[in-house]
Amino acid sequence: MYTEWRDIYFNPEVALSPDRFKMMEDDNFNHYEVHCTPADKDKCQNGKLIDLDYIKDLDTHWMDVSLAFLDKMKGSDKPFYLYHATRGCHFDNYPSDEWAGRSMARTVYSDCMVRMDYVFGRLMKRLEEIGEAENTLVILTSDNGPECEIPPRGRTPFRGCKGSSWEGGVRVPTFVYWKGMIPSRKSDQLFDLADILPTALHLAGYPGAKLAGLFSDKTYIDGVDQAAFLVADKGLSARRSRIYTMNQYYSAIRIDEFKATITGQIEDGIMKRGYTGGFSGSVFTDTGGAVVVNLYTNPQEDVSVGVRHIPMAVPLGTTGGWYLKELFEYPPQFKVGFMSNNPPIYDTIPIGEMAVKAWIKKHGFGRFQN
């Protein structure tokens, strides 16, 4: 987004048009790298202009900032939190001149992947050097599955890609490391990125109800404390269910191995040539009511077993109904808007919302509620 419009190869219709180029220069978004501090949360200092040259150096700069932060935390008696995100492994990638061609595949995506491994190695080495490796929980993960519309890109064995709520869009590999505390093992049990908050704060001294004291009563904490899952020998996940969302929609509900889909994406529903999943597919918001898959036996999500396994509709329906009720009590905040002519039910006009609330109060949702 910072640089695509400057690129004569990817966006010649803008880069080679003086009027359109100026349109992007004058557009109301920050064209610079920014530096923000807790001392002034409203204003951030502009750094260098992010153009096609400097974007190649962002990963080096950000690595240096994170390494300096770790040096600063050496011997600190307070818990610290470092969130480090690399710029590469997205689109468009723009590897630095030093790393271009370093991967075996020699694509801009794979070159950035090799460099990301290098950056991660530098951060881990610095943790050892400052003597904090035994006292630090490290999580390496991704925010979504690979995008499938702009090559070169990542791959997934699951259905769908970034932008969808199919498993390929939301399921990612995650590595959790704590030297001397977490034994080497692997697990395919449920862990949501929202679980990082209560888990990390538990380990920092705020378990259970103490967590609520750190936030206002208007803040909804939807994560699950997974400390025992990570550090206990053969620990089991504390999460039994997961809610899926897609753009402004409540999309699906999973309990253990069963996943019921309410709203989803038809990957080739609009364009028939090429793979156009992710953000280019059409969206369905109505089903026959029994679109359920067993993710253990069918991770590709291409065979519905909802009619045969009707008893699982009880926990799926009850948990889904509970979540919908929570959405009315704690309405979601849409930070990024997607235009739609089919808004979700919990985002309707106040009269309709009041009517649904009254129905829930009188009849409840699911079998187990009175």
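Here the structure is shown first, and the text comes after it.
My aim in this report is to walk through the structure given alongside it, one point at a time.

Parameters and conventions
Residues numbered from 1 in each chain as written. Predicted model: local features only at pLDDT ≥ 70, side-chain atom pairs only at ≥ 80, totals over all residues. Heavy atoms only, no water. Disulfide = S-S within 2.5 Å. Helix = DSSP H or I, 4+ residues; strand = E, 2+ residues; numbered from the N terminus. Buried < 20%, exposed > 50% of the residue type's maximum accessible area, 1.4 Å probe, protein only. Pairing = 2+ DSSP bridges. Contact = heavy atoms within 4.5 Å. Expected span 1.5 Å × (residues − 1). Arc of directions from axis to C-beta.

Considerations on the state of the cysteines
Under the criterion given, the structure shown has two disulfides. The residue that forms a disulfide with Cys36 is Cys44, at a sulfur-sulfur distance of 1.9 Å. As the torsion about the S-S bond is roughly 105°, the Cys36-Cys44 disulfide counts as right-handed. Through a disulfide, Cys148 is tied to Cys161; the S-S separation comes to 1.8 Å. One quick way to see it: the torsion about the S-S bond of Cys148 and Cys161 is about -65°, and its sign makes the bridge left-handed. With Cys148 in the loop between strand S3 (138–140) and helix H5 (167–170) and Cys161 in the loop between S3 and H5, the pair connects residues that are 13 residues apart, well separated along the chain. Among the residues examined, Cys148 registers a relative accessible area of 7% and is labelled buried. Overall, Cys161 belongs to the buried group, its relative accessible area being 2%.

Side note on the pairing of strand S5 (residues 241–246)
The pairing of S5 with strand S6 (residues 249–255) spans six bridges and is classified as antiparallel. The partner of Ile243 across the bridge, within S6, is Ile253. Hairpin connection, S5 to S6: the antiparallel pair is bridged by two residues, and Asn247 has positive phi, about 55°.

A few points about the environment of Val283
You can see Val283 is positioned in strand S9 (residues 282–284). Once the C-alpha coordinates of Val283 and Glu267 are considered, the two residues, 16 residues apart in sequence, prove to be 8.7 Å apart. Discounting chain neighbours no more than four positions away, the residues touching Val283 are Met246, Tyr249, Thr263, Gly264 and Gln265.

A short note on helix H3 (residues 58–72)
Between its first and last C-alpha atoms H3 spans 21 Å; for 15 residues at 1.5 Å apiece the expected length is 21 Å, and the two agree. Buried within H3 we find Leu58, Asp59, Met63, Ser66, Leu67 and Leu70. Looking straight down H3, one finds that the buried residues subtend no more than 165° of arc, so they occupy a single side. Buried-residue contacts for H3 involve strand S1 (32–37) and helix H4 (108–129).

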